[in-house]
Amino acid sequence: QDGTVVHTPHGTPLDIADDVGVGHRAVVHGRRIGSRTLIGIAAVVLDDCEIGSMCIIAAGTLLPPGTIVPDRSVMMGVPGVFVREVSDRDLEVIDHVVRSYLTLGREHAAGRFPNIAAP
């Protein structure tokens, strides 16, 4: 989403799996994000973090360098801590977010949202 920064230290690969949603102004500087994961608005994922599949990193959360997040974890806070497991309802929300942005991207590419010159 708008304002997201995706970067890694020099020479460090970053693997972002399928069906990942990344919120506005998030900073992703980690090593891996598993599938069906949502990174919330303004979350910060620092060097060498590995986030499992089907996770939620809540808005504003800071994951310190090297954090390992197991599958189906909800992480919150500064620093981010495990607060609960991801529910099936959470997964429905993640899927909805991902589908919505994929649809929006296709519509934009097809010209549905023409550029409007500023006055």
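About the cut-offs
Residues numbered from 1 in each chain as written. Predicted model: local features only at pLDDT ≥ 70, side-chain atom pairs only at ≥ 80, totals over all residues. Heavy atoms only, no water. Helix = DSSP H or I, 4+ residues; strand = E, 2+ residues; numbered from the N terminus. Buried < 20%, exposed > 50% of the residue type's maximum accessible area, 1.4 Å probe, protein only. Polar contact = N/O pair within 3.5 Å; in protein donor to acceptor, adjacent residues only side chain to side chain. Contact = heavy atoms within 4.5 Å. Pairing = 2+ DSSP bridges.

> Help me understand unusual backbone geometry in this model?
Across the chain, the bulk of peptide bonds are trans and the bulk of non-glycine residues have phi less than zero. Between valine 78 and the following residue, proline 79, the backbone shows a cis peptide bond with an omega angle of -5°. Position of proline 79 among the secondary structure elements: in the loop between strand 12 (73–76) and strand 13 (81–85). Positive phi values are uncommon outside glycine, yet arginine 25 reaches one of about 60°. Topologically, arginine 25 is positioned in the loop between strand 3 (21–22) and strand 4 (27–28). A positive phi angle is found at arginine 36, which is not glycine, with a value near 55°. Structurally, arginine 36 is set in the loop between strand 5 (32–33) and strand 6 (38–39).

> Even after reading the chapter, I still don't get the side chain of aspartate 90, so can you show me in this structure?
Positionally, aspartate 90 belongs in helix 1 (residues 88–109). By relative accessible area, aspartate 90 is classed as buried at 12%. Side-chain polar atoms of aspartate 90 contact the side chain of arginine 84, separated by 2.7 Å. With sequence-adjacent residues up to four places away left out, aspartate 90 is seen in contact with Ile56, Val74, Arg84 and Glu85.

> Please clarify how the sheet that holds strand 1 (residues 5–6) should be interpreted in this entry.
Whether parallel or antiparallel, the strands of a sheet pair through hydrogen bonds between backbone atoms. Taken in spatial order, the four strands make up an open sheet running 1-4-7-10, and their pairing is parallel. One side of each edge strand has no neighbouring strand; the edge strands of this open sheet are strand 1 and strand 10 (62–63). Where strand 4 lies against strand 7 (residues 44–45), two bridges are found, and the strand directions are parallel. Among the inter-strand pairings, valine 27 is bridged to a residue of strand 7, identified as valine 44.

> Any chance you could explain the environment of valine 93 here in plain terms?
Along the chain, the position of valine 93 falls in helix 1. Between the C-alpha atoms of valine 93 and leucine 38, which are 55 residues apart in sequence, the distance is 9.3 Å.

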